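# Survey of secondary and tertiary structure
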Amino acid sequence: MENSKVPNHPVSTLQSSFLQACHRLPTDSTPVWFMRQAGRYMPEYRAIREKYSLIEICHHPEIAAEVTLQPVRALGVDAAILFADILLPAIPLGVGLEFAKGEGPVLQNPVRTMEDVMNLRPVNPESDLGYVMDAIRILRGELTDVPLIGFCGAPFTVASYIIEGGSSREFLKTKAMMYSAPEVWHALMEKLSVVLSDYLVAQIRAGAQTVQVFDSWVGALNPQDYEEFVLPYSQKILQDAKKENVPVIHFGTNTTTLLPLMKRAGGDVIGLDWRIPLDDGWKLLGDDVAVQGNLDPTILFAPLPEIKKRVHDILDRANGKPGHIFNLGHGILQNTPVDNVKAVVDIVHEYGIK
Ligand code: CP3
């Protein structure tokens, strides 16, 4: 192992297969973790949610830390992801955030005009989102065997919630701003990229050992629009995080046609969803980047032999090449059987590196 190539990690984490894979170094088995590995499919999480709302959990660092640890204990994954949400920065920005029952996020003061953009408040991550950094500091004291992943939303995906006022299918208001009022769009993206970059850097300085930038909905765009309206802003965040000397994961879905541009924007590791075979996606990206993915989250509802076949297919396609982190192509769905999630961890670890 060429540990000397891994910068600035405490000795305990040099043994981490996850960090090794981020740096495209060989590992004994493929590291595995799951997006949304903490959440409603877990009985331990549901028990806590009976007493606290999602935002209350985030606001209480001890509880957020406890929820972060639940899947680490229950599943044996190779990384922990901080329990938080990509929309938390909307609160200090002044947009408002609420998770309405069964409806997903609601942002009460959506941004639609230049005046709205100018009225966004400046955000100081340590004072305005300090509870997130406190959870990270608690977790670094408690996690001994696996590294901690911090995260933020990418400017496009966060902007889509801030403009639409919640979740969206067509991104009509978002795209309308892009195409009809580009000066408003660019002013909003400029502001968001500064806030999100400061927030991510604060997480790294608090102890996050890797960070993931979630551009979950960017696949709604064609490559030309991505390059003009999104790439420079994602690039700022990814580059600022990179300067802090931790591996950076750049994730999106529906991104088959965007992969080369996402790579140009940045990231040591690029997320692949399930719509492209892992080896084809890696070929499009090139050998000088690691990949993360790419099991369809709905496969976790299938019988075990089918799950095993699909997991093996992905590992066969990775073909033992250093730099593959096993994950789903998107987050774990509600009602996913916990035993099947645990089974995937075991199947990946048992497969080893062939
Ligand atoms: O375990 C982990 O992955 C860490 C925690 C985490 C949450 N949200 C907690 C959460 C992470 C990494 C996120 C990221 C996030 N949040 C994304 C990007 C990832 C993705 O799935 O695309 C997005 C788009 C959001 C915004 C968001 N948060 C939506 C649209 C919703 C509602 C939809 C839903 O699943 O109910 C949330 C709520 C949310 N954030 C939950 C969790 C565990 C739902 C559970 C609850 O209400 O307790």
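In this numbering scheme, every chain counts its residues from 1 along its sequence in written order. Given that this is a predicted model, residues contribute local features only at a pLDDT of at least 70 and side-chain atom pairs are listed and counted only at 80 or more, while totals for whole chains, interfaces and linings are drawn from all residues. Only hydrogens and water are set aside; all other atoms, that is, all heavy atoms of the structure, feed into the side-chain values.

As a further point, take the overall build of the protein chain. Only runs of H or I of at least four residues qualify as helices and only runs of E of at least two qualify as strands under DSSP, and these elements are numbered from the N terminus. Regarding its fold elements, the protein chain presents 18 helices and 9 strands. Relative to a compact globule of 354 residues, whose C-alpha radius of gyration would be 20 Å, the protein chain shows 19 Å and is just as compact. When its C-alpha atoms are laid out on the principal axes, the protein chain stretches across 55 × 45 × 40 Å. Taking all contacts inside the protein chain whose residues are at least 6 apart in sequence as the whole, residues at least 24 apart take part in 70%. For every accessible area listed, the method is Shrake-Rupley and the probe measures 1.4 Å; residues are considered covered only by the protein chains on display. As presented, the protein chain carries roughly 14,600 Å² of accessible surface, and 49% of it is formed by carbon and sulfur atoms. Across the protein chain, the mean location of the 32 positive side-chain charges is 2 Å away from that of the 42 negative side-chain charges. The globule rule used here is 2.2 Å times the number of residues to the 0.38 power, and the radius of gyration it is set against is calculated over C-alpha atoms. The contact criterion used throughout is that any non-hydrogen atoms of two residues lie within 4.5 Å. Under this rule, positive means Lys or Arg and negative means Asp or Glu; His and the chain ends count for nothing. In this description, the location of a charge corresponds to atom NZ of lysine, CZ of arginine, CG of aspartate or CD of glutamate.

All right, on to the site of the ligand then. By convention in these notes, a residue is near a molecule or strand provided one of its non-hydrogen atoms lies within 4 Å of it. Near the ligand, the surroundings consist of 24 residues, among which R36, Y45, R49, S216 and H330 are the closest. S216 places a side-chain nitrogen or oxygen 2.5 Å from an oxygen atom of the ligand. Protein chains shield 89% of the accessible area of the ligand, which is 860 Å² for the free molecule. Residue assignment for the shell around the ligand shows that the elements contributing at least two residues are α3 (43-49) and β3 (104-106). Throughout, the ten residues Ala, Val, Leu, Ile, Met, Phe, Trp, Tyr, Cys and Pro are labelled nonpolar, Asp, Glu, Lys and Arg are labelled charged, and all others, Gly among them, are labelled polar. Across the shell around the ligand, the residue classes tally to 15 nonpolar, 5 polar and 4 charged. Pairs of N or O atoms are called polar contacts if they sit within 3.5 Å, as long as, within protein, a hydrogen donor faces a hydrogen acceptor (for residues adjacent in sequence, only side-chain-to-side-chain pairs).

If you trace the 7 strands from one edge of the open sheet to the other, you get β1-β4-β5-β6-β7-β8-β9, paired in parallel fashion. For this open sheet the edge positions go to β1 (80-81) and β9 (324-328), each flanked by a neighbour on one side alone. Only strands that DSSP links by at least two bridges are regarded as paired with each other.

A few words now on the packing of aromatic side chains. Stacked, edge-to-face and tilted are the three classes for Phe, Tyr and Trp ring pairs, Trp counted by its six-membered ring, which pair at centre distances within 6.5 Å; planes under 30 degrees apart are stacked, over 60 edge-to-face, the rest tilted. The tally for this structure, following the rule as stated, stands at 6 aromatic pairs. Seen in terms of ring centroids, F151 and F214 are 5.4 Å apart; in terms of plane orientation they differ by 85°. Their pairing is edge-to-face. Taken together, the residues span a long stretch of sequence, with F151 in strand β4 (residues 148-153) and F214 in strand β5 (residues 210-215) at a distance of 63 residues. Judged on exposure class, the residue F151 and its partner F214 are both buried. Ring centres of F214 and F251 lie 5.6 Å apart, and the angle between their planes is 75°; this geometry places the pair in the edge-to-face category. Taken as a pair, F214 in strand β5 and F251 in strand β6 (residues 248-252) lie far apart in primary sequence, 37 residues in all. Note on accessibility: F214 and F251 belong to one class, buried. Comment: the charge-over-ring label is applied if NZ (Lys) or CZ (Arg) is within 6 Å of the ring centre and within 35 degrees of the ring normal. The positively charged end of K321 is found above the aromatic ring belonging to W282, 4.2 Å away from the centroid. Each residue is placed in one exposure class: buried if its accessible area under a 1.4 Å probe, protein chains only, is under 20% of its type's maximum, exposed if it is over 50%, and partly exposed if it falls in between.

A few words on helix α18 (residues 338-351). For α18, which comprises 14 residues, the first-to-last C-alpha distance of 20 Å matches the rise-based estimate of 20 Å (1.5 Å per residue) to within 8%. Of the residues making up α18, those classed as buried are N340, V341, A343, V344, V345, I347, V348 and Y351. At its buried positions, α18 is contacted by α5 (61-75), β8 (290-295), α17 (304-318) and β9. Directly beyond the C-terminal end of α18, a positive phi value near 65° is found at G352. The span expected for a helix works out to 1.5 Å for each residue beyond the first.

For the peptide bond that leads from G293 to N294, omega is -5°, which places it in the cis range. With respect to the element layout, N294 can be found in strand β8. If you check the backbone angles, F171 has positive phi at about 55° while not being a glycine. Tracing the backbone through its elements, the reader meets F171 in the loop between α10 (155-164) and α11 (172-180).

Detail in the predicted coordinates should be disregarded across regions flagged by low pLDDT. Of the residues in the protein chain, 96% reach a pLDDT of 70 or more, and the chain-wide mean stands at 95. Scored from 0 to 100, pLDDT records how confident the predictor is in each individual residue. In the predicted structure, residues 1-9 sits below a pLDDT of 50 and forms 21 contacts with residues beyond four places in sequence or in another chain.

As a further point, take the pattern of salt bridges. The working definition used for a salt bridge is a side-chain nitrogen of Lys or Arg within 4 Å of a carboxyl oxygen of Asp or Glu. Scanning all chains against the criterion turns up 16 salt bridges. Between E126 and R137 there is a salt bridge, with its nearest N and O atoms 3.4 Å apart. Of this pair, E126 sits in helix α8 (residues 125-128) while R137 sits in helix α9 (residues 130-142); the two residues are 11 residues apart in sequence, bridging distant segments of the chain. Residue R137 is classed as partly exposed on the basis of its relative accessible area, which comes to 38%. As a salt-bridge pair, K342 and D346 come within 3.1 Å of each other at their nearest N and O atoms. Taken together, the residues K342 and D346, both in helix α18 and 4 residues apart, mark about one turn of the helix. Where salt bridges share partners, they join E126, D134 and R137 into one cluster.

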